[in-house]
Amino acid sequence: MQLQLRSSSSASALFSAVQVKPPSSPPVRVKALFTKNPGSGTLKNSNSNTNPNPNPMASNPRWAQKTVTLPPLRRGCHLITPKIVKEIAQDLSEFKCGLAHLFLLHTSASLTINENYDSDVRDDTETFLNKIVPEGRSASWKHTLEGPDDMPAHIKSSMFGCTLTIPITDGQLNMGTWQGIWLCEHRDAPTPRKVVITLNGI
């Protein structure tokens, strides 16, 4: 029995004749709210054929910053969205598109975004934190000079963090329907808390 071998050139021709076409899918088109003007560094509204604002400075990036002092709150998770929005409402209204950055100036409290409707969610979150971070004389913490609740407060603060970034759209914080800003107070003694809020956008 004899085997007939094809030359390498014949094999190449055979394989090159077989063309595998990738599955076709419609292109995804994303419509931008703002596009860059050709030849300039400014942004224009994509929904308008002409520049709706003749003032070129209106499209330049702008900044605003304010330090908000929150009143002393008992230990637990607290919804502070209304307080934050009230404090920055005037500056916030001047932004069409941008970001709001919140920075908490403390190491024994935290910020997070979560349920804004049912207060049971805040209570359950506090219960969860107390279960996973031991407290009291039975806990083996070295840092106890400021009380038995201090070291657990530091750990909880790092778990949730001290910063938030929220999009700004048409002069409002663009959050989900059921989302709210929480201040989580991790110490037993109520203490005023300061939050630096920085707005950036156009």
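The structure displayed is predicted, hence computed values, not measured ones.

Turning our attention to the overall build of the protein. Broken down by element type, the protein carries four helices and ten strands. Walking the protein from its N terminus toward its C terminus, one meets helices and strands in the order α-β-β-β-β-α-β-β-α-α-β-β-β-β. Within the protein, the fraction of its 202 residues that count as buried is 31%. The long-range fraction of contacts in the protein, counting pairs at least 24 apart against all pairs at least 6 apart in sequence, stands at 78%. As displayed, the protein offers around 13,700 Å² of accessible surface, 55% of which is attributable to carbon and sulfur atoms.

With that out of the way, let us pick up the sheet that holds strand S3 (residues 62–70). Sheet strands pair via backbone hydrogen bonds, and the direction of the pair is either parallel or antiparallel. Read from one edge to the other, the open sheet built from five strands follows the order S3-S10-S5-S7-S8, with strand pairing classed as antiparallel. Among the strands making up the open sheet, the edge pair consists of S3 and strand S8 (172–173). Packing against the sheet, helix H2 (residues 81–92) makes contact with S3, strand S5 (97–104), strand S7 (163–169), S8 and strand S10 (193–201), and its axis sits at approximately 155° to S3.

What follows is about the packing of aromatic side chains. Taken as a whole and judged by the stated rule, the model has one aromatic pair. Here Tyr-117 and Trp-178 contribute two aromatic rings whose centre-to-centre distance is 5.8 Å and whose plane-to-plane angle is 70°, an arrangement assigned as edge-to-face. With Tyr-117 in the loop between strand S6 (109–115) and helix H3 (119–132) and Trp-178 in the loop between S8 and strand S9 (179–185), this pair connects stretches of sequence that are 61 residues apart. Each member of the pair, Tyr-117 as well as Trp-178, is classed as exposed. One cation-aromatic arrangement involves Arg-62 over Phe-95; the distance from NZ or CZ to the ring centre is 5.5 Å.

For the rest of this paragraph, the subject is the sheet that holds S9. Taken in spatial order, the three strands of this open sheet run S4-S9-S6, and their pairing is antiparallel. What marks the edges here is a single partner per strand, and that holds for strand S4 (76–79) and S6. In this sheet, adjacent strand axes meet at a mean angle of 35° when their direction is disregarded. Here S6 pairs with S9 via seven bridges, running antiparallel.

With that settled, the discussion passes to the packing of H3 against helix H4 (residues 150–160). Packing of H3 against H4 leaves a shortest axis separation of 11 Å and a crossing angle of 120°. One way to sum up the angle between H3 and H4 is to call them oblique. The two elements H3 and H4 meet at a crossing, and its hand is right-handed. Counting all contacts with H3, which are made through Thr-125, Leu-129, Asn-130 and Ile-132, the residues of H4 involved are Lys-156, Met-159 and Phe-160. A breakdown of the residues in the contact of H3 with H4 according to their chemical character gives four nonpolar, two polar and one charged.

You will see that Asp-170, though not glycine, has its phi angle at about 55°, which is positive. Within the secondary structure, Asp-170 is located in the loop between S7 and S8. The class of Asp-170 is partly exposed, set by a relative accessible area of 46%.

Cut-offs used in this document
Just so you know, the residues in each chain are numbered from 1, in the order the chain's sequence is written. Where local features are concerned, this predicted model is filtered to residues with pLDDT of at least 70; where side-chain atom pairs are given and counted, the filter is 80 or more; whole-chain, interface and lining totals use all residues. Side-chain calculation: all heavy atoms of the structure are included, whereas hydrogens and water are not. In this description a helix means any DSSP run of H or I spanning at least four residues, a strand means any run of E spanning at least two, and both kinds are numbered starting from the N terminus. Residue exposure (1.4 Å probe, protein chains only): buried if accessible area is under 20% of the type maximum, exposed if over 50%, otherwise partly exposed. In this description, contact between two residues means that some pair of their heavy atoms is separated by no more than 4.5 Å. Here, Shrake-Rupley sampling with a 1.4 Å probe gives the accessible areas, and only protein chains in the shown set may cover a residue. Strand pairing requires that DSSP identify at least two bridges connecting the strands. All axes are obtained by fitting lines to C-alpha atoms, using only the stretch in contact for helices, and the reported angles, taken between N-to-C directions, cover 0 to 180 degrees. A pair of Phe, Tyr and Trp rings is counted when the ring centres sit within 6.5 Å of each other, with Trp represented by its six-membered ring. The angle between the planes then sorts it: under 30 degrees is stacked, over 60 is edge-to-face, the rest tilted. The criterion is that NZ of a Lys, or CZ of an Arg, lies within 6 Å of the ring centre and within 35 degrees of the ring normal, and then a charge sits over that ring. In this scheme, roughly parallel covers angles under 35 degrees and roughly antiparallel covers those over 145, while 65 to 115 is roughly perpendicular and the rest are oblique. Crossing handedness follows the turn of the near helix against the far one: under a right angle anticlockwise gives a left-handed crossing, and clockwise gives a right-handed one. Residues were grouped as follows: Ala, Val, Leu, Ile, Met, Phe, Trp, Tyr, Cys and Pro as nonpolar; Asp, Glu, Lys and Arg as charged; and all remaining residues, including Gly, as polar.

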